[in-house]
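Structural overview
Each chain, written out:
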Amino acid sequence: MNAVIIDGQAIALKVRGEITKLVSEAKARYGEVPGIAVVLVGDDVASQIYVASKEKVAVSAGMRSVILRLPASVSEKELLTVIEKLNYDTKIHGILIQLPLPEHINAAVILSAVSPLKDVDGFHPQNVGKLYTGEKSFVPCTPLGIMKLLKEYGINLVGKRAVVIGRSNIVGKPMSALLLTADATVTICHSKTKDLPDVCREADILVVAIGKARMITKDYVRDGAVVIDAGINRLNGRICGDADFENLLDAVSAITPVPKGVGPMTIAMLISNTLQSFMENIKS
Ligand code: NAP
């Protein structure tokens, strides 16, 4: 089988180009640009790299970007004060709390403190609830980016069997909600799922968000399935996904590579959500 390699990099660049144009039009019309604030606590190296690339993409789209760097010793109260200020800052339309937070800080309390109207990560309970009840909300960026990839590649979901491996609040759960809303029949799997390969082989669309390098082999995949790989793992000094990409190529009909698959879409959706927040604010 000649698998289609889903080019997340190209789609992300296309989306970013569209957003750049809309930001420039908004600037000409309203004299303002969307602003995004990223709160980074501590000095986790991976988080610093993610935050730097988010800033680069936002700035390249013409947005205002602010990074608030706080020491790992910051108290929950101090962090809440920073968020409160951002909630009231009229130049900031998107607030992002870079995860993970230090252990002494309750992430759920912090994420709930972000105004749901500026919650461009879609992690506030109000936005989570709206996603499940089908109301308009901010949707977490990685699953939103995956839906965009499926749409761009004309992959029909109606009535299809979709299996999602992973049940995190960031990827797995919102992914399954979006697939369900798109009329797929959805199964969610996790580390306690029995007979995982058998369950996965029922999938027309298999979304993997596990964090285990190259775990998904041909055993898990039905011939002709679409595999979407959100995983980012480091193996022998190289980045790879949760799917055994090379070995799946002759079994699947389409697959995302890692890197250049889902990853670039996540940041593109972040600036898309920030633009959405800006436009809603300007209209209200
Ligand atoms: P997470 O919170 O660690 O969740 C991992 C999920 O995988 C859990 O639900 C876990 O099950 C399940 N799991 C672990 N081992 C398993 C196994 N052997 N069999 C079946 N299920 C298993 O991770 P996450 O935040 O969702 O991230 C998942 C991956 O996506 C990571 O590699 C992460 O780096 C990547 N990621 C990428 C992006 C992007 O922009 N592309 C964004 C976010 C995350 P339990 O719930 O039972 O523990």
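Everything below is about the structure printed above this text.
Below is a summary of the structure that appears in this document. (Residues numbered from 1 in each chain as written. Predicted model: local features only at pLDDT ≥ 70, side-chain atom pairs only at ≥ 80, totals over all residues. Heavy atoms only, no water.)

Here the focus is unusual backbone geometry. With an omega of 0°, the peptide bond running from L99 to P100 counts as cis. Within the fold, P100 resides in the loop between β4 (94-97) and α4 (107-113). At the junction of V258 and P259, the peptide bond is cis and its omega measures out at 0° in the coordinates. Of note, P259 is situated in the loop between β11 (254-255) and α10 (262-283). Unusually for a residue other than glycine, D195 sits at a positive phi of about 50°. Inspection of the secondary structure assignment puts D195 in the loop between β6 (185-189) and α8 (196-200). We note that K260 has phi near 75°; this positive angle belongs to a residue other than glycine. Here K260 shows up in the loop between β11 and α10. For K260, a relative accessible area of 49% puts it in the partly exposed group. (Helix = DSSP H or I, 4+ residues; strand = E, 2+ residues; numbered from the N terminus. Buried < 20%, exposed > 50% of the residue type's maximum accessible area, 1.4 Å probe, protein only.)

Attention shifts here to the site of the ligand. Around the ligand sit 21 residues, and of these R167, S168, S191, I232 and T266 come closest. Within the contact set of the ligand, an oxygen atom lies 2.7 Å away from a side-chain nitrogen or oxygen of R167. Contact between the ligand and S168: an oxygen atom at 2.5 Å from a side-chain N or O atom of the residue. Burial of the ligand by the protein amounts to 71% of the accessible area it has alone, namely 930 Å². Tallying contributions element by element places α10 first for the shell around the ligand, with 3 residues. Here the shell around the ligand is composed, by residue class, of 9 nonpolar, 10 polar and 2 charged. (Near = heavy atom within 4 Å. Polar contact = N/O pair within 3.5 Å; in protein donor to acceptor, adjacent residues only side chain to side chain. Areas by Shrake-Rupley, 256 points an atom, 1.4 Å probe, with all protein chains shown as cover. Nonpolar A, V, L, I, M, F, W, Y, C, P; charged D, E, K, R; others polar.)

Attention now goes to the side chain of D242. Looking at the element boundaries, D242 is found in the loop between β10 (238-240) and α9 (245-248). Salt bridges are absent for the buried D242, whose nearest opposite-charge side chain, K212, sits at 8.5 Å. Looking at D242, its side chain comes within polar contact range of the main-chain nitrogen of I210, at 2.7 Å. Within the local environment of D242, its side chain forms a polar contact with the side chain of N233, the two groups lying 2.9 Å apart. Leaving out residues up to four positions away in the same chain, D242 has contacts with V208, A209, I210, G211, K212, A213, R214, M215, I216, D229, G231 and N233. (Lys, Arg positive; Asp, Glu negative; His and termini not counted. Salt bridge = Lys/Arg side-chain N within 4 Å of Asp/Glu carboxyl O. Contact = heavy atoms within 4.5 Å.)

What the rule picks out here adds up to 8 salt bridges. In this structure, R161 and E202 form a salt bridge, with 2.8 Å as the shortest nitrogen-oxygen distance. Of the two residues, R161 sits in strand β5 (residues 161-165) while E202 sits in the loop between α8 and β7 (205-208), which places them 41 residues apart along the sequence. A relative accessible area of 30% means that R161 is categorised as partly exposed. Between D250 and K218 there is a salt bridge, and its shortest N-O distance comes to 3.0 Å.

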